[in-house]
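# Inside the fold
Here is what each chain is made of, one letter per residue.
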Amino acid sequence: MLHVQQLSKTFGKIQVLSQLNIYVERGQAVAIIGPNGSGKTTLIKSILGMVVPEEGTILFDGKPVGLDAQYRRFIGYMPQIGRYPDNMQVGQLFDMMRDLRQAAPEGLDEELIHAYRLPDIYHKTMRTLSGGTRQKVSAALAFLFDAPVMILDEPTAGLDPLSAEILKEKVGREKQQNKLFLITSHIMSDLEELATDVLYLVEGKVVFLKSMQALRTETGEERLGKAIAKIMEQQRH
Amino acid sequence: MKVATVFKLGQSATLRAETKRPPMPMLKVAKYAVYDILQNRFVLAYMLFLLVVSMSFFNLENDPVKGMMSLLNIILIVLPLVSIVFATIHLYNSYEFMELMLAQPLRRSDIFMGQYLGMAASLCIAFGVGVGVPVLIYDGSGSGAILVLCGLLLTLSFVSMAFLATVLSRDKARGIGIALLLWFFCTILYDGLVLMSMFAFSDYPLEKAVIGLAFLNPVDLARIAMLLQLDAAALMGYTGALFQHFFGSVTGGGISLLAMMAWIVLPLWWAARIFQKKDI
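One structure accompanies this document, and this report is about it. (Residues numbered from 1 in each chain as written. Chains lettered and ligands numbered in written order. Predicted model: local features only at pLDDT ≥ 70, side-chain atom pairs only at ≥ 80, totals over all residues.)

Once that is clear, we can look at the overall build of chain B. Counting its secondary structure elements, chain B contains twelve helices and zero strands. Moving toward the C terminus, one meets the helices and strands of chain B in the order α-α-α-α-α-α-α-α-α-α-α-α. A separation threshold of at least 6 residues defines the contact pool for chain B, and within that pool the share at least 24 residues apart is 77%. (Helix = DSSP H or I, 4+ residues; strand = E, 2+ residues; numbered from the N terminus. Contact = placed C-beta atoms within 7 Å.)

All names here are of chain A. With six bridges connecting them, strand 9 (residues 197-202) and strand 10 (residues 205-211) associate as antiparallel partners. Residue pairing across strands places Leu199 opposite Leu209, the latter belonging to strand 10. The hairpin turn running from strand 9 into strand 10, its antiparallel successor, is two residues long, and Glu203 in that turn takes a positive phi close to 50°. (Pairing = 2+ DSSP bridges.)

Residues and elements named next belong to chain B. In contact at an axis separation of 9 Å, helix 3 (residues 42-60) and helix 6 (residues 108-138) are set at 15° when each is read in the N-to-C sense. On the basis of their axis angle, the class for helix 3 and helix 6 is roughly parallel. Crossing of helix 3 against helix 6: the hand is right-handed. For the pair formed by helix 3 and helix 6, the contact residues are Val43, Tyr46, Met47, Leu50, Leu51, Ser54, Met55 and Phe58 on the first element and Ser122, Leu123, Ala126, Phe127, Val129, Gly130, Val131, Pro134, Val135 and Tyr138 on the second. By residue class, the composition of the contact of helix 3 with helix 6 is 15 nonpolar, three polar and no charged. (Axes fitted to C-alpha atoms, helices over the stretch in contact; angles between N-to-C directions. Parallel < 35°, antiparallel > 145°, perpendicular 65-115°, else oblique. Left-handed = near helix turned anticlockwise from the far one by under 90°. Nonpolar A, V, L, I, M, F, W, Y, C, P; charged D, E, K, R; others polar.)

Once that is clear, we can look at the sheet that holds strand 8 (residues 180-184) of chain A. All names here are of chain A. Spatially, 6-7-8-3-9-10 is the arrangement adopted by the six strands of the open sheet, whose pairing is mixed. The open sheet has two free edges, formed respectively by strand 6 (75-78) and strand 10, since each of these has just one partner strand. Each strand axis lies, on average, 15° off the axis of its neighbour in the sheet, ignoring direction. Strand direction decides the pairing type here: strand 7 (residues 149-153) and strand 8, joined by five bridges, are parallel. Opposite Leu152, over in strand 8, you have Ile183 as the bridge partner. Running over the sheet, helix 4 (residues 131-144) touches strand 6 and strand 7 and is turned about 175° from strand 6.

Our next topic: the pairing of strand 7 of chain A. All names here are of chain A. Judged by how many residues are buried, strand 7 sits mostly within the fold: five of five residues are covered. Burial along strand 7 is two-sided: Val149, Ile151 and Asp153 facing one way and Met150 and Leu152 facing the other are all buried. Both strand 6 and strand 7 contribute to a ladder of four bridges, which runs parallel. Its bridge partner being in strand 7, Gly76 is matched across the sheet by Met150. Crossover connection from strand 7 via helix 5 (residues 161-175) to parallel strand 8: handedness right-handed. (Buried ≥ 20, exposed ≤ 12 C-beta atoms within 10 Å, placed from the backbone. Right-handed = clockwise from strand over helix to strand, strands pointing away.)

What follows covers helix 4 of chain A. Residues and elements named next belong to chain A. Taking 1.5 Å as the rise per residue, helix 4 with 14 residues should run 20 Å; its terminal C-alpha atoms sit 20 Å apart, in good agreement. For helix 4, a buried count of eleven out of 14 residues is recorded, marking the element as mostly surrounded by other parts of the structure. Taken together, the buried positions of helix 4 are occupied by Thr133, Gln135, Lys136, Val137, Ser138, Ala139, Ala140, Leu141, Ala142, Phe143 and Leu144. Contact partners of the buried residues in helix 4: strand 6, helix 2 (90-101), helix 3 (111-115), strand 7 and helix 5. In the segment just after helix 4, Asp146 is the residue with positive phi, at about 50°. (Expected span 1.5 Å × (residues − 1).)

Membership of the largest hydrophobic core comes to 139 residues, with the highest contact counts inside it found for Ala140, Ile151 and Ile183 of chain A together with Val159 and Ala162 of chain B. Here this core takes twelve residues from helix 7 (residues 142-168) of chain B, the largest share from any one element. Those residues in contact with Ala140 of chain A that sit more than four places away from it in its chain are Leu112, Ile113, Tyr116 and Leu118 of chain A. (Core = buried A, V, L, I, M, F, W, Y, C linked by C-beta atoms within 7 Å.)

Right under this line is the structure:
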């Protein structure tokens with residue numbers, strides 16, 4: 001489904017991604033973890049075509065991205081910091097996205113819009129929203145088009161506990177629909193609940209891409225945080 | 001592994017079957033860009049300013065030709081400044097919008113050109129209403145039409161330059177600096193340099209070279225086209241006569257129109273090329 005081959009990217013003199021290879025399929029929920037600046041967001045932005053890599057290819061469903069934008073029809077993206085036109089009202093934003101995506105009304109998934117009671121704030125402009133409310137808008141937008149590939153960049157950061165729980169439950173349900181999830185987060189307990197696989201990046205390189213199961217048996221640790229700490233420990237020796 | 005691949009191909013077939021390109025995505029982006037620009041009252045203020053200035057010029061002078069001469073100065077100085085600075089600032093402020101667009105099934109070229117169309121249409125409409133309508137009412141001659149055409153072409157070319165300035169630098173302050181420099185160069189500095197070189201080489205026949213130099217600046221092209229229309233070329237002596245001879249002819253007029261087009265297309269093309277590879 002998603003095949004990243006030899007992906008390299010530098011920003012100025014800093015090597016953000018170097019010779020990255022990953023292959024993931026539908027049905028997987030991949031937690032992308034790694035220290036700050038390890039290239040998680042750059043990897044995501046490369047997959048979305050926002051960042052243009054110097055080397056390597058990204059095959060989405062067998063087709064290289066960058067030639068055509070149509071593959072993005074199959075991606076729902078929730079950015080780390082949702083940035084929207086300041087003067088636009090929430091309702092207008094949703095209308096615009098529907099219009100741009102040419103989505104048929106019956107194919108829309110409005111569950112999160114209602115769960116977060118967004119219609120109540122449709123008349124407010126994006127400028128006036130708090131960070132957390134923006135995150136709710138981002139989440140609702142990402143899930144709106146029922147896309148088979150979902151990319152969530154720090155989805156629960158900035159959400160209140162109740163809203164975060166609603167989002168996690170949503171991800172849990174959608175996972176059953178044979179979708180591919182890529183989720184970055186620093187909150188290990190969230191990932192533990194959601195992820196089936198773990199991709200660990202350090203300095204733009206893949207340290208490992210393993211299933212949760214394999215990780216647990218290899219390290220003998222139940223908790224994700226501890227398991228990763230153990231692997232890092234082993235590698236140092 | 002093999003089995004998985006076959007399964008994957010089966011899935012791809014269903015995914016592709018749904019693929020259809022939305023009709024004219026560029027126009028859609030342009031539509032939302034215009035909405036966004038109209039939210040900001042600046043374009044409306046610009047239109048009213050032009051309207052008030054044109055009306056007062058035509059009312060102050062009994063002769064519409066004199067009114068147009070005064071209006072010409074506004075068009076050659078204020079219009080490029082407003083177009084380039086407003087377009088640059090607005091495009092920087094639209095980065096969020098473009099980021100949002102880029103996560104959608106829209107091509108970069110459609111996003112970029114849609115933004116351009118939106119900005120160009122907004123400023124051209126403002127100019128059309130602010131200057132075009134008064135000129136039509138008070139003058140209504142062919143020279144009036146040329147004046148409006150020059151204004152529209154200048155607007156387009158300075159919006160192109162603004163888009164170039166924006167993609168050349170990620171830093172907003174620097175981008176606006178580049179935009180102001182371009183404006184300063186085209187409207188003020190360039191003429192000074194031409195005059196200086198004419199003075200320095202005054203022993204040589206430079207008239208033809210000066211015609212060539214005019215092509216390197218869209219503001220000069222517009223100025224010459226207008227001065228010829230208003231019969232002010234007679235005041236410029238031999239060079240004026242030569243201008244009249246060259247730019248007044250059909251070929252000369254055609255070539256200067258093409259040159260103006262180049263001033264619209266080339267900066268925009270260059271900017272689009274940079275944008276194609278830009279990290280957002």
